Amino acid sequence: MRDPRHDILFTPLQIGPKLAKNRFYQVPHCNGGGYRDPSAVVEMRRTKAEGGWGVIFTEQTEIHPTSEITPFIEQHLWDDRDIPALAHMAEAMKSHGALAGIQLAYSGINGPNLYSREVPLAVTGGPILTFTSDPVQARTMDKEDIRNLRRWFQGAFRRSHQAGFDLICLYGAHGFGILQHFLSRATNHRTDDYGGSLTNRARFLREIVEDARETTKGELAVTLRMSLHEAGAYGFSNAELRDFIAMHAELPDLWDLANGTWEACSGTSRFKDEGAQEDLVRGIKDLTPKPVVGVGRFTSPDAMVRQIKTGILDFIGAARPSIADPFLPLKVQEGRYEDIRECIGCNICVSGDMTGSISRCTQNTAFMEEWRKGWHPDRARPKGASETVLIVGAGPTGLEAALQAAKRGYKVTLAEATATLGGRVAQERQLPGLSAWGRVADYRTGQLAPLPNVDIYRDSLLTPEDALAMGADHVAIATGSSWRRDAVARLHLHGIPTDPAMPLYTPDDLMAGRCPEGQSVALYDDDHFYMGSVLAELLVAKGNKVHFVTPAVKVAEWSDNTLEQGTIMRRLLELGVEIHLSKAPETIGAQEMTLGCTWTGRQSALACEALVYVTSRTPNDHLYHAAKALDWQAAGIRSLKLIGDAAAPGPIAWATYAGRNWAESLDQPNSGDALSFRREIAALEPGVSLLP
Ligand code: ADP
Ligand code: SF4
């Protein structure tokens, strides 16, 4: 039964002409699929509708080719031919009574137009402000351009209406939308009536909100997604935002508040807690009679209720919590709190967008596979002909494999060598800032516990003979990986000369409590994600003087994709970590190492008493190979598979995906060389023929 204190989350609320059925508001979020994978995105949004969200939005939808953010893949609404895919999306969003929203964006100074090759247009011209420092400048819009822009927006309003959306969100947050560029003195240097005073800088917003109402005949709600705070002397500050809202209290049908930069808004759990934007949002509701939505990686219903009861928010905005658990609202509604799959705040989902691939989620293995593979975040397809499965290793791979196989109806045996379930996350959750990662294990162990068809054996180090003797139809070996105790990774493909007198440590050592203390320690990071910097923090906490050595040009460079790189760099500098960029060890002595510059080869010496290698991992695949060498088929085993980190080490999201993929594949007909997922291929224009 639902706790009556949570009832308020299910009170309908009006947004202009539309009524939202509850307070769960899926704010716009990217997914790496966008216009390239229309059906994959549609089915992803449909699961949110099924999961009970009151409002569901598209990702950023680019309204005109003079402003696009290739290589990032979002939506297009450039002409009428884009309407069908978006109409399909609106239909899916509305399938269970949610309101369907479209976020319209014109990127201005943020759009390099690498694909359309149009000259970028901005409030004030200058170099394009993107993550990628594209060597492109935008031209300052003149009055005619501004009139054109209004007309392009009007076209997008008409098309959004035609596509069946209920809400239009005008994007002016994260530094990405032109509305913010108009409002901010950092990006608006104009001296005409669109620049200068706040009234002038807000002129374009007033104009297009009016245009939106007129074009859609007042039938659609119009929301403004505003930046909460832009840093810097000229930035659109929180104080100025409050002035703007007070001056335009009734302008939109809803205020949607998000932090100034995407990095600040979507901080990882390592650096930001749930509800981190509260101070910036508090009091804004008092300035306007219109409802307010804000985000904060909310996964706890108590925290959500508090936001509403204390008058901070009217709607609970969520992107990542809705990705990790599209059924969050329904689970709260039905009081199934223990079934909530909480976001761990790792931003792997963001990395799908940043790499232009397709997003995945560490927690929700079905994310963006709803259409491609027919996976569902909560439902499992019924089992096939065989009955029993054995999974060896209870890390993220093994736990997900066990859960999904059990949900399908197989009788599951899960054997784990240690006393603790969770594998790598049981270790990594102890590291500075990574405690939320424990949710990967907690959710799965919690779900497995009540299932009658699951037997879990702890302290059970299986031998190959044991694995064969268990009598399972299918065996998965998910025995993980171990960090290497040498320099071999990307730069060094072979070991380097090493004096055995130098004490060497790996992340596994440090996580097991074997850690240098009070020494001068070099940490060599050729992994480039989070582990190196997290261990540097741990080493500092243990009183060490830390030298962070990396062959890359910046620390933790892949964490650009999780929006953390800048924060990691700041943290290391604040902790007094000495950073050696574009350097790698060439020889290791007893008390020092020789570093080589990766560009010039110039050598230097670095004195240190211990060396921590964060390089690469060796798969723990000996059990698999030994079992495979035995006559496993004669033991009645139909399939023997190596999965997860034991097959190919990667981030935790790769491990949970591998577990799901294995469970889904059980008893599936062998599809040979056929593609394992559905995809859409751009159609040739009518009249184009390859035939002579
Ligand atoms: P993954 O990320 O692929 O799940 P982990 O390293 O997190 O990999 O987990 C692997 C788990 O497998 C660890 O908990 C480890 O204790 C367990 N394990 C390794 N070898 C065996 C074995 N022979 N029998 C049972 N469990 C094992
Ligand atoms: Fe949350 Fe990580 Fe999933 Fe993103 S990938 S929704 S941050 S658990």
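The rules behind these values
- Residues numbered from 1 in each chain as written.
- Chains lettered and ligands numbered in written order.
- Predicted model: local features only at pLDDT ≥ 70, side-chain atom pairs only at ≥ 80, totals over all residues.
- Heavy atoms only, no water.
- Phe/Tyr/Trp six-rings, centres within 6.5 Å; stacked < 30°, edge-to-face > 60°.
- Lys NZ or Arg CZ within 6 Å of the ring centre and 35° of its normal.
- Near = heavy atom within 4 Å.
- 1 Å grid on protein atoms, 1.4 Å probe; cavity = no way out; pocket = protein on both sides within 12 Å on 5 of 7 lines; lining within 4 Å.
- Sits in = over half its atoms within 2 Å of the grid points.
- Helix = DSSP H or I, 4+ residues; strand = E, 2+ residues; numbered from the N terminus.
- Nonpolar A, V, L, I, M, F, W, Y, C, P; charged D, E, K, R; others polar.
- Polar contact = N/O pair within 3.5 Å; in protein donor to acceptor, adjacent residues only side chain to side chain.
- Domains from an automatic or database assignment.
- Contact = heavy atoms within 4.5 Å.
- Buried area = accessible area lost by both parts, 1.4 Å probe.
- Salt bridge = Lys/Arg side-chain N within 4 Å of Asp/Glu carboxyl O.
- Buried < 20%, exposed > 50% of the residue type's maximum accessible area, 1.4 Å probe, protein only.
- Disulfide = S-S within 2.5 Å.
- Pairing = 2+ DSSP bridges.
- Right-handed = clockwise from strand over helix to strand, strands pointing away.
- Axes fitted to C-alpha atoms, helices over the stretch in contact; angles between N-to-C directions.
- Parallel < 35°, antiparallel > 145°, perpendicular 65-115°, else oblique.
- Left-handed = near helix turned anticlockwise from the far one by under 90°.

## Quick word on the packing of aromatic side chains
Here comes step 1: Enumeration over the complete set of coordinates arrives at 21 aromatic pairs.
Here comes step 2: When the centroid spacing of 6.4 Å and the interplanar angle of 75 degrees are considered together, the rings of F236 and F244 count as edge-to-face.
Here comes step 3: An aromatic cluster is built from F72, F131, Y171, F176 and W262, whose rings are joined through pairwise contacts.
Here comes step 4: One cation-aromatic arrangement involves R360 over W654; the distance from NZ or CZ to the ring centre is 3.6 Å.
Here comes step 5: Positioned above the aromatic ring of F677 is the side chain of R372, whose terminal nitrogen or guanidinium carbon lies 4.4 Å from the ring centre.

## Looking at the site of ligand 2
Here comes step 1: In the region of ligand 2, 14 residues are neighbours, and C343, C346, N347, C349 and C361 sit closest.
Here comes step 2: Mapping ligand 2 onto the cavity grids shows that it belongs to the second largest cavity.
Here comes step 3: At the level of elements, α11 (320-324) and α13 (348-354) are the ones that each hand at least two residues to the shell around ligand 2.
Here comes step 4: Among the elements that take part in the shell around ligand 2, α11 stands out by supplying three residues, more than any other.
Here comes step 5: Tallied by class, the residues present in the shell around ligand 2 amount to eight nonpolar, four polar and two charged.

## Some thoughts on the site of ligand 1
Here comes step 1: Taken together, 23 residues lie around ligand 1, and T397, E416, A417, R424 and D645 are the ones closest in.
Here comes step 2: In the model, an oxygen atom of ligand 1 is placed 3.1 Å from a nitrogen or oxygen of the P396 main chain.
Here comes step 3: Within the contact set of ligand 1, an oxygen atom lies 2.6 Å away from a side-chain nitrogen or oxygen of E416.
Here comes step 4: Grouping the amino acids of the shell around ligand 1 by side-chain chemistry returns 10 nonpolar, 10 polar and three charged.

## Side note on the domain arrangement of the protein chain
Here comes step 1: You can read the domains of the protein chain as domain 1 (4-354), domain 2 (388-480 + 620-665) and domain 3 (483-617).
Here comes step 2: Using only C-alpha atoms to locate each centre, domain 2 and domain 3 end up separated by 31 Å.
Here comes step 3: In this assembly, 12 residues from domain 2 lie in contact with 10 residues from domain 3.
Here comes step 4: Looking only at domain 2, the three residues that lose the most surface to domain 3 are Q427, L431 and P432, adding up to 47% of its buried area.
Here comes step 5: Counting every contact that joins domain 2 to domain 3 gives one salt bridge.
Here comes step 6: Among the ionic pairs, D645 bridges to R617, the shortest N-O distance being 3.7 Å.
Here comes step 7: Remark: the boundary between domain 2 and domain 3 carries three residue pairs in polar contact (both at pLDDT 80 or more).
Here comes step 8: A per-element tally of the side of domain 2 that touches domain 3 places helix α15 (residues 424-428) first, with three residues.

## Points about the pattern of salt bridges
Side-chain pairing between opposite charges can occur once the charged atoms of the two side chains come close.
Here comes step 1: Under the defined criterion, the tally for this structure stands at 49 salt bridges.
Here comes step 2: Ionic pairing is found between K411 and D455, a salt bridge with its closest N-O pair at 3.1 Å. Residue K411 is found in strand β16 (residues 411-415), and its partner D455 is found in strand β17 (residues 454-457); the two are separated by 44 residues along the sequence.
Here comes step 3: Residue classification places D455 among the partly exposed residues on the basis of a relative accessible area of 28%.
Here comes step 4: The residue D560 makes a salt bridge to K554 at a minimum N-O spacing of 2.7 Å.
Here comes step 5: With a relative accessible area of 29%, D560 lands in the partly exposed category.
Here comes step 6: Among the residues examined, K554 registers a relative accessible area of 29% and is labelled partly exposed.

## Brief notes about the state of the cysteines
Here comes step 1: Enumeration according to the criterion identifies zero disulfides in this entry.
Here comes step 2: Unpaired in terms of disulfides, C515 finds its nearest cysteine sulfur in C608, a separation of 15 Å.
Here comes step 3: Residue classification places C515 among the buried positions, given a relative accessible area of 14%.

## Notes on the pairing of strand β12 (residues 254-258)
Here comes step 1: With five of five residues buried, β12 is to be regarded as a mostly interior element.
Here comes step 2: Side chains of β12 alternate between two faces, with L254, D256 and A258 and W255 and L257 buried alike.
Here comes step 3: As paired strands, strand β11 (residues 221-227) and β12 are joined by five bridges and run parallel to one another. Residue pairing for β12: M226 is matched across the bridge by L257.
Here comes step 4: Between the parallel elements β11 and β12, the chain passes through helix α7 (residues 238-247) in a crossover that is right-handed.
Here comes step 5: Strand direction decides the pairing type here: β12 and strand β13 (residues 292-294), joined by three bridges, are parallel. When the sheet's bridge partners are listed, D256 is paired in β13 with V293.

## A look at the side chain of E207
Here comes step 1: Counting through the fold element by element, E207 comes out in helix α6 (residues 203-215).
Here comes step 2: By relative accessible area, which is 16% here, E207 ends up buried.
Here comes step 3: With residues near it in sequence (within four places) discarded, E207 still touches R150 and Y194.

## Here's the deal with the packing of helix α1 (residues 38-50) against helix α2 (residues 83-93)
Here comes step 1: The interhelical angle for the contact between α1 and α2, taken along N-to-C directions, is 15 degrees, at an axis separation of 8 Å. As summarised for this structure, α1 and α2 are arranged roughly parallel, according to the angle between their axes. As α1 runs across α2, the sense of the crossing is right-handed. Contacts between α1 and α2 involve P38, V41, V42, E43, R45, R46 and A49 from the first element and A85, H88, M89, E91, A92 and M93 from the second.

## Side note on the sheet that holds strand β25 (residues 592-597)
Sheets are built from strands paired through backbone hydrogen bonds, the pairs being either parallel or antiparallel.
Here comes step 1: Strand order in the open sheet made by the three strands is β24-β25-β26, with antiparallel pairing throughout. In the strand order of this sheet, the two ends are held by β24 (583-588) and β26 (603-607), each with one partner. When the angles between neighbouring strand axes are averaged without regard to direction, this sheet yields 40 degrees.
Here comes step 2: Relative to β25, β24 runs antiparallel, the two sharing five bridges. Note that in β25 the partner of T587 across the bridge is T594.

## Observations regarding the sheet that holds strand β9 (residues 137-140)
Here comes step 1: A sheet is described by the order of its strands in space; here three strands give the open sequence β7-β9-β8, paired in mixed fashion. Each edge of the open sheet is held by one strand with a lone partner, namely β7 (121-122) and β8 (126-127).

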